[in-house]
Amino acid sequence: MRARLTKDFRFEAAHTLPSLPEDHKCRRMHGHSFKVEISIEGEVDETIGWVYDHKRISEAMRPLLELMDHGYLNDIEGLESPTIERMAGWFWKKLAPQLPGLAEIVIYETPTARCSFRGEF
């Protein structure tokens, strides 16, 4: 049996999008309440009944969230222009080596705007 499990994380952060035109409102510093969904896919272990231990996902995310929460995202190496698309790729590069079966990362910038990424660079 195959299944996908998803664990959600939240953090608050500010950013600017310096590559946008001067008159675009998102070029100015602003902040968001981000939500990140990390999905792992694989075979359900018949002995214990799950695909993956949620704790492993939390442990992999902990240092990344500590770096980002209540920070200025542009100051983080690799996020100098932190769109949610670039953030999804950044998370993927950091998490994939630690989380076999990583299937998808979804980042919500607002309750109605999000990006999903499945590791295709």
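Higher on the page you've got the structure.
Residues numbered from 1 in each chain as written. Predicted model: local features only at pLDDT ≥ 70, side-chain atom pairs only at ≥ 80, totals over all residues. Heavy atoms only, no water.

### Side note on the nonpolar core
Right, on to step 1. Counting 33 residues, the largest nonpolar core has Phe11, Ile38, Phe91 and Leu95 as its most contacted members.
Right, on to step 2. Among the elements of the structure, strand E1 (2–15), strand E2 (30–43), helix H1 (54–68), helix H2 (84–95), strand E4 (102–110) and strand E5 (113–117) are those that each provide at least two residues to this core.
Right, on to step 3. Per-element tally for this core: the top contributor is H2, with seven residues.
Right, on to step 4. Contact partners of Phe91, with chain neighbours within four places excluded, come to Phe11, Val36, Met61, Leu64, Met68, Ile105 and Ile107. (Core = buried A, V, L, I, M, F, W, Y, C linked by side-chain atoms within 4.5 Å. Buried < 20%, exposed > 50% of the residue type's maximum accessible area, 1.4 Å probe, protein only. Helix = DSSP H or I, 4+ residues; strand = E, 2+ residues; numbered from the N terminus. Contact = heavy atoms within 4.5 Å.)

### Regarding the packing of aromatic side chains
Right, on to step 1. A full pass over the atoms with the stated rule returns four aromatic pairs.
Right, on to step 2. With 5.1 Å between their ring centres and 70 degrees between their planes, Phe117 and Phe121 make a pair best called edge-to-face.
Right, on to step 3. Members of the aromatic cluster, connected to one another through ring pairs, are Trp92, Phe117 and Phe121.
Right, on to step 4. Against the face of Tyr108 rests Lys35, its NZ or CZ located 4.8 Å from the ring centre. (Phe/Tyr/Trp six-rings, centres within 6.5 Å; stacked < 30°, edge-to-face > 60°. Lys NZ or Arg CZ within 6 Å of the ring centre and 35° of its normal.)

### Some remarks on the pairing of E1
Right, on to step 1. Where E1 lies against E2, 14 bridges are found, and the strand directions are antiparallel. Within the sheet, the bridge partner assigned to Ala3 lies in E2 and is Gly42.
Right, on to step 2. Note: E1 against strand E3 (residues 71–72), two bridges, orientation parallel. Within E3, the residue paired with Ala13 across the bridge is Gly71. (Pairing = 2+ DSSP bridges.)

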